[in-house]
Amino acid sequence: MDRREALRLLAAGASIPLFPGHLLAALREARAMVSQQSAPRTLNPHQFATVRTMAELILPKTDTPGATDVATAEFIDLMLTEWYDPVERDRFLSGLAAVDTRTQSLFSADFTAASLAQQSEILIELGEKMTEEAQRARDRAFAGNGTLAESPEGFYPMLRRLTLTSYYTSEQGATDELHFQIIPDRHDECAAIEPEKEAPEPR
Amino acid sequence: MCRDRTGEGGTGTAVSEETTYDAIVVGSGITGGWAAKELTEKGLKTLVLEAGRPIVPEQDYVEHVPTWEMKFRGLGDRRRLQEDQPIQSTCYACDEWSSKFFVSDKDHPYTTEPGKPYRWIRGRQVGGRSIMWGRQSYRWSDLDFEANLRDGIAVDWPIRYADIAPWYDYVEEFAGICGEALGLPQLPDSKFLPPMELNCAEKVVREAIARHFGGERILTIGRAAILTQDHLGRAACHYCGPCERGCITRSYFSSLNATLPAAEKTGRLTLRPFSIVHSLRFDSNMRTIAGVRVIDANSRAAIEFRAKVVFLCASTLESVRILLNSSTTEFPNGLANSSGELGRNVMDHIMSSGAEAVIPGNEDRVELGRRPNGVYVPRFRNVKTKSPDFLRGYGCQGSGYRQGWERGILQTGFGASFKKSISRPGPWRVGLYGFGECLPDRTNYVELDKNTVDAWGIPTLKMHCAWGKNEEAMRKDMQITAAEMLAAAGGRDIEIVMDEDPPGFAIHEMGAARMGRDPKTSVLNAHNRAHDVKNLFITDGGAMASSSCVNPSLTYMALTARACDYAVRQMKRGEL
């Protein structure tokens, strides 16, 4: 009933800053929740475990939740099943298979069975390759007057896009990490924040 | 709010509504809403015919639904969009939340001349596109109203700024327009509510522009139909951000949030959703519209409605389509088209050309809340100094923002320190993009495509529109001046942007039923009344004789209120 009352007041012209707290909470209440996913539909158990491990390496659990906590692998399976086209899905799956091939050739183990240091080495290599490919795509685009968007996205940038999206659009990622508020407490176009004390932005 | 009268009228056979109304308004978008308010408040029993469904704000508005409640986290149901809304979903506002406010391209097809792409972005529901419009609101000036006469292009406007200024005052006082008064001759001030604030990076660019461009160029906060204080029973904006998803506090202006409730309050409004106007029936003896022919979207029943006066507010191209579909032996090329100008001179604004840059500094500052408004650089070309490359000019729109987590996608980092770093705001960036005036040109036209029909069997439009040399020259200039202004502000990594958007994509289509003094060269008179049909008014974007470079909706509102006043005065004198 609270939500209904909140909507009634708003529609009558009530001002949000003067809104009673319990009604504001009711307004923010989750609705139309997305149905919970059951078992993965595109990824097999081994692929699913590999994706989950890689995503957690990119955004690990720290004092805030990590990729696994926000069900990133489940989201990636949904996207591969219902969002990407078959060509993109196959590009992702063959890139994922290549990760195991590379880990096997270097360390004689599947990615999920490799040590943390070995897994990191693989991610560094994938990152270097991603940067080189982006550079080549830029060169091609300028040479042929094409546009950057025409280059299909490879496995690793796809994985990173999906991992970051899944994390920062999740309730925990958005609220704990980004301090996102659906209805902001206040607005201030130039608000002071604590200066960053850590190392500068990595490339 | 609406009396739902859907389903009446039986099946298949044309029936006439027994009630005769004083006025019929076709469309409930930004101009239909105004016509409904003005006509009912002036005592007219008014029927509003809306082709789409009713909207119930409490259920349909989704601005407070967060990403994590969306199945695809805001990326949209791509396969469904590609199947059902491949054209509509190219618009930024047609996303996972708001795509329901845009038409199905399958049900609403249109065709284009080969080699001349056109984007037609449409909304069919009570409130029309006023639900997801951009809300930017600017007055025209005499620089605009005199432009055609000065350049010897198309036809002269039959009105000047002095004719419309009181009507700008009138609609602004009701709608609520926030902005900063500047006293510029080329961009007259509105009756403003307090302006929204510039953010840190925007302030840096504003100061640099003032220093480097000798007062000729000025950056100001966008002028927007959003309340910055409580106003006439509507609440001030709470900065949640995505207005295009609706607004339960009714803080931005739309038909649903403001004009339709006002019309409803008079007790003289009948709003009929699911009512697709097929054509108008002309009485050649009386020289009037005798009936408005409607197809009920659900039952497909054909129904005719009658009124003393008819206002077409269906959007520029839909209103033209209705008239083209209402041919008679006297008007074989479309009703009210003795001039041959109906469907011609289609204009839009040329956009998506500009620049973006990192604006160093203010790293210890962030923007709290999501201001649903950008910045504006009023037109500076051909105002004081003449541009050798093109006629008329453009304004620049854009905004400053701190880069978000998306910047981490193509970085190579991973792990705890990477996560910590991209969770913090990135550098400040500012983008500025031109919106350029488009010249009226007879060869930019739409016609009825009798071989392609919509889901209700009504012939669709075929578009023949392309940018001219003047617009192309302007588009080149926009990137240079935008980059210049960002460079003056110490911008780094300046990126020039130029997307070759086809006409239509600014969603400012206008001009296809232009106003003019001479019935031989124009469709409407100085009060939006058809030269050929005594009781027919068109007050949507069709009436525009030129396009200016500013967002047009505020001018449509003012013209609509002015035309309603004229129509009611004519009726009282017994002339309608």
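Quick caveat, the model's predicted, so the values are computed rather than measured.

## As for the overall build of chain A
Part 1 of the reasoning: In terms of helices and strands, chain A carries eight helices and one strand.
Part 2 of the reasoning: Its helices and strands taken in sequence order, chain A reads α-α-α-α-α-α-α-α-β from the N to the C terminus.
Part 3 of the reasoning: Within the span of chain A, comprising 203 residues, buried residues form 27% of the whole.
Part 4 of the reasoning: The long-range share in chain A, meaning contacts at least 24 apart out of those at least 6 apart in sequence, stands at 57%.

## Structural notes on the overall build of chain B
Part 1 of the reasoning: Helix and strand content of chain B: 12 helices and 19 strands.
Part 2 of the reasoning: In terms of overall dimensions, chain B has a C-alpha envelope of 75 × 55 × 50 Å along the principal axes.
Part 3 of the reasoning: Counting the 576 residues in chain B, one finds 58% classified as buried.
Part 4 of the reasoning: Restricting the contact set of chain B to residue pairs at least 6 apart, pairs at least 24 apart contribute 72%.

## Describing the interface of chain A and chain B
Part 1 of the reasoning: Contact with chain A, which involves 56 residues of that partner, is made by 51 residues of chain B.
Part 2 of the reasoning: It is helix α7 (residues 155–168) of chain A that provides the largest number of residues to the side of chain A that touches chain B, a total of seven residues.
Part 3 of the reasoning: Across the side of chain A that touches chain B, the residue classes break down as 32 nonpolar, 10 polar and 14 charged.
Part 4 of the reasoning: Across three bridges, the pairing between strand β1 (residues 188–192) of chain A and strand β12 (residues 365–368) of chain B is antiparallel. Looking at β12 of chain B, one finds that A191 of chain A is bridged to V366 of chain B.

## Digging into the sheet that holds strand β15 (residues 428–436) of chain B
All names here are of chain B.
Part 1 of the reasoning: Taken together, the six strands give an open sheet; going across it, the order is β6-β13-β14-β15-β11-β18, and neighbouring strands pair in antiparallel fashion. Two strands close off the open sheet at either side, each with one partner strand: β6 (220–221) and β18 (492–498).
Part 2 of the reasoning: Inspection of the sheet shows strand β14 (residues 394–402) paired to β15 by nine bridges, in the antiparallel sense. Paired with Y394 across the strands is G436, a residue of β15.
Part 3 of the reasoning: In this fold helix α7 (residues 200–212) packs onto β13 (375–377), β14 and β15, with an angle of close to 60 degrees to the strand it touches most, β15.

## A closer look at the pairing of strand β8 (residues 275–283) of chain B
All names here are of chain B.
Part 1 of the reasoning: Relative to strand β9 (residues 288–296), β8 runs antiparallel, the two being bridged by eight bridges. What sits directly across from S275, in β9, is D296.
Part 2 of the reasoning: Counting the residues that bridge the hairpin from β8 to β9 gives four residues, and of these R287 lies at a positive phi of roughly 60 degrees.

## Observations concerning the environment of E171 of chain A
Part 1 of the reasoning: Along the polypeptide, E171 of chain A turns up in helix α8 (residues 171–177).
Part 2 of the reasoning: Taking the C-alpha atoms as reference, E171 of chain A lies 31 Å from S115 of chain A; in sequence the two are 56 residues apart.

## Concerning helix α6 (residues 116–143) of chain A
Residues and elements named next belong to chain A.
Part 1 of the reasoning: Under the 1.5 Å per step criterion, the end-to-end length of α6 is 40 Å for 28 residues, consistent within 8% with the ideal 40 Å.
Part 2 of the reasoning: Regarding α6, the residues found buried are Q119, L123, L126 and M130.
Part 3 of the reasoning: Where the residues of α6 are buried, they touch α3 (45–58) and α7.

## Examining unusual backbone geometry
Residues and elements named next belong to chain B.
Part 1 of the reasoning: Even without being glycine, A154 reaches a positive phi, approximately 50 degrees.
Part 2 of the reasoning: Along the chain, A154 falls in the loop between α5 (147–151) and α6 (161–175).
Part 3 of the reasoning: What makes A154 buried here is the crowd of 24 C-beta atoms within 10 Å.
Part 4 of the reasoning: Positive phi outside glycine occurs at S315, with the angle close to 95 degrees.
Part 5 of the reasoning: Summarising the element assignment, S315 is placed in the loop between β10 (302–312) and α9 (316–324).
Part 6 of the reasoning: Of the residues examined, S315 has 28 C-beta atoms within 10 Å and is grouped as buried.

## Topic: the confidence of the model for chain A
Part 1 of the reasoning: Model confidence for chain A is summarised by a mean pLDDT of 84, while 73% of its residues fall at 70 or above.
Part 2 of the reasoning: In this model, residues 29–35 of chain A is a region of pLDDT below 50 whose contacts with residues beyond four sequence positions or in other chains number seven contacts.

## Digging into the pairing of β10 of chain B
Residues and elements named next belong to chain B.
Part 1 of the reasoning: Where β9 meets β10, four bridges bridge the pair, whose relative direction is antiparallel. For V292, the partnering residue across the bridge sits in β10 and is F305.
Part 2 of the reasoning: In sequence, β9 turns back onto β10 through a hairpin of five residues, with R300 there showing a positive phi of about 65 degrees.
Part 3 of the reasoning: Bridge count for β10 against strand β19 (residues 536–538) is three bridges, and the pairing is parallel. Looking across to β19, one finds that V310 is bridged to L536.

## Looking at helix α4 (residues 72–82) of chain A
Working note: α-helix, 3.6 residues per turn, so residues spaced by three or four point in the same direction.
Residue and element names in this part refer to chain A.
Part 1 of the reasoning: Burial of α4 is extensive: nine of the 11 residues sit out of reach of the surface.
Part 2 of the reasoning: Residues of α4 that are buried: T72, A73, E74, F75, I76, D77, L78, M79 and L80.
Part 3 of the reasoning: Contact partners of the buried residues in α4: α3, α5 (86–107) and α7.

## What about the packing of α4 of chain A against α7 of chain A?
All names here are of chain A.
Part 1 of the reasoning: Where α4 meets α7, the axes come as close as 9 Å, and the angle between the chain directions of the two elements is 120 degrees. As summarised for this structure, α4 and α7 are arranged oblique, according to the angle between their axes. When the axes of α4 and α7 are compared, the crossing they make is right-handed. Packed against α4, whose contacting residues are T72, F75, I76 and M79, the element α7 presents L162, T163, S166 and Y167 at the interface.
Part 2 of the reasoning: Of the residues assigned to the contact of α4 with α7, the class counts are five nonpolar, three polar and no charged.

What counts and how
- The numbers attached to residues start from 1 for each chain and follow its sequence in the written order.
- Starting at A for chains and at 1 for ligands, labels are handed out in the order in which the entities are written.
- Side-chain atom pairs in this predicted model are given and counted only at pLDDT of 80 or more, local residue features only at pLDDT of at least 70, and totals for whole chains, interfaces and linings cover all residues.
- Strands are runs of DSSP state E lasting at least two residues, helices are runs of H or I lasting at least four, and both sets are numbered from the N terminus onward.
- Each residue is classified by how many other C-beta atoms fall within 10 Å of its C-beta atom, where C-beta atoms are placed from the backbone; a count of 20 or more means buried, 12 or fewer means exposed, and values in between mean partly exposed.
- A pair of residues counts as a contact when their C-beta atoms, built from backbone coordinates, are separated by no more than 7 Å.
- Each residue gets one label: Ala, Val, Leu, Ile, Met, Phe, Trp, Tyr, Cys and Pro are nonpolar, Asp, Glu, Lys and Arg are charged, and the others, such as Gly, are polar.
- Between any two strands, at least two bridges found by DSSP are needed for them to pair.
- All axes here are fitted lines through C-alpha atoms, helices being fitted over the stretch that makes contact, and every angle between N-to-C directions spans 0 to 180 degrees.
- Expected helix span is given by 1.5 Å per residue-to-residue step, counting one fewer step than there are residues.
- The pLDDT score gives, residue by residue, the confidence of the prediction method on a 0 to 100 scale.
- Throughout, the term roughly parallel applies to angles under 35 degrees, roughly antiparallel to angles over 145, roughly perpendicular to angles from 65 to 115, and oblique to all others.
- Note on convention: the crossing is left-handed when the near helix lies turned anticlockwise from the far helix by less than a right angle, right-handed when the turn is clockwise.

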